[in-house]
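Chains, contacts and geometry: an overview
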Amino acid sequence: MTALFLVLAGAALLLFSHRYAWWRPAVDYHRPRILMYHMVSDHRPGARFNKLRVKPTMFEQQVRWLKEHGWHFATMGELMQNRALPKKTVAITFDDGYEDNYLQAFPVLKKYAAKATLYLVVDRFDRDWSTNKKSHHDSGELMQEPKLTDVQVKEMLASGLVELGGHTMTHANLIRLDREDKVREIVAARTELQESFAQDISSFAYPFGIYDAEDVSICADAGFLSAVTTVEGIDRDRFSNPYLLKRVKISGKDSMFAFRLRMKTGLRGWKR
């Protein structure tokens with residue numbers, strides 16, 4: 001019986017270690033963490049994209065934990081315009097422009113005086129952009145998800161807590177486009193956001209995290225100071241490759257234990 005218990009305990013420990021990789025060393029806390037969110041909403045039964053939905057109660061737990069543990073909130077603009085940032089700096093980012101960012105996340109940001117950067121798709125209504133990545137993602141789920149109105153975005157910006165970033169005109173899969181269409185998606189979107197919201201747009205997020213060298217070049221030429229990817233991790237030097245910045249992915253299926261580990265290492269479990 002004792003031998004069986006030891007075998008089962010060992011197997012459980014291996015499974016736990018495999019899932020969380022808790023043993024990874026912490027990345028230097030002078031290296032800012034860039035967190036990637038999409039929606040802040042309850043999960044929907046049978047929905048394809050529940051990993052993108054962080055529950056409102058969990059989002060508040062995460063922001064409260066950051067506040068209570070001495071993290072300094074910054075926008076992406078602040079991150080790239082200041083070389084000397086406080087230890088434990090974090091940049092919260094939201095991709096796409098879902099209405100729950102205003103209804104659920106924004107009240108939490110205000111409650112804890114937490115800053116965030118919103119990567120906003122210009123033409124975001126009545127679009128199921130998931131099909132631009134995989135044609136079989138044709139459920140219409142993201143098209144039916146309510147999107148931010150311009151009025152809501154302006155209120156968020158007026159708070160001084162939220163900054164806008166570019167995320168193309170239509171959430172296009174950039175590598176499928178020719179250069180002319182890429183320029184329209186990236187550069188025209190920046191111009192339209194700046195004109196609509198009277199705010200400088202200094203950061204960009206590649207839709208789906210898909211990009212090539214030409215996209216990077218267009219971002220630099222357009223005047224962006226930085227661009228974020230969906231590559232997991234924490235950059236050792238954010239200025240060495242400012243258009244290829246890594247982010248810490250926050251999943252709707254994360255526990256607080258998993259969240260704390262990601263803040264430590266920037267990564268999920270060992271294999272997935």
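Small disclaimer: the values here were computed from a predicted structure and weren't measured.

About the thresholds
Residues numbered from 1 in each chain as written. Predicted model: local features only at pLDDT ≥ 70, side-chain atom pairs only at ≥ 80, totals over all residues. Heavy atoms only, no water. Helix = DSSP H or I, 4+ residues; strand = E, 2+ residues; numbered from the N terminus. Buried < 20%, exposed > 50% of the residue type's maximum accessible area, 1.4 Å probe, protein only. Contact = heavy atoms within 4.5 Å. Areas by Shrake-Rupley, 256 points an atom, 1.4 Å probe, with all protein chains shown as cover. pLDDT = per-residue confidence, 0-100. Salt bridge = Lys/Arg side-chain N within 4 Å of Asp/Glu carboxyl O. Pairing = 2+ DSSP bridges. Right-handed = clockwise from strand over helix to strand, strands pointing away.

Section: the overall build of the protein
From N to C terminus, the protein includes 9 helices and 10 strands. Expressed as a percentage of the 272 residues in the protein, the buried residues total 51%. Intrachain contacts of the protein at a sequence separation of at least 6 include 68% that bridge at least 24 residues. Of the roughly 12800 Å² of accessible surface on the protein, 54% is carried by carbon and sulfur atoms.

Some points on the confidence of the model for the protein
Averaged over all residues, the pLDDT of the protein is 90; the fraction at 70 or higher stands at 88%. Within the model, pLDDT remains below 50 along residues 9-18, and this stretch shows 8 contacts once partners closer than five positions in the same chain are excluded.

So, the pattern of salt bridges
Under the defined criterion, the tally for this structure stands at 15 salt bridges. Two residues, R124 and D150, come together in a salt bridge whose shortest N-O distance is 2.8 Å. Here the residue R124 occupies a position in the loop between β6 (116-120) and α5 (141-144), and D150 occupies one in helix α6 (residues 150-158), the gap between them amounting to 26 residues. Residue R124 is classed as buried on the basis of its relative accessible area, which comes to 2%. Three or more residues joined by partner-sharing salt bridges are found here, namely R179, K182, D212, E214 and D215.

So, the environment of A116
Positionally, A116 belongs in strand β6. Sequence separation between A116 and F94 is 22 residues, and the spatial gap between their C-alpha atoms is 7.6 Å. Not counting residues within four places of it along the chain, the set of residues in contact with A116 comprises T75, I92, F94, L109, L161, V162 and E163.

Some thoughts on the pairing of strand β5 (residues 89-96)
Counting buried positions along β5 gives 8 out of 8 residues, so the element sits mostly inside the fold. Alignment of strand β1 (residues 33-37) against β5, held across 5 bridges, turns out to be parallel. Bridging across to β5, Y37 finds its partner in F94. Summarising the sheet, strand β4 (residues 72-73) and β5 pair through 2 bridges and their orientation is parallel. Within the sheet, the bridge partner assigned to H72 lies in β5 and is T89. With helix α3 (residues 76-81) bridging β4 and its parallel neighbour β5, the resulting β-α-β unit is right-handed.

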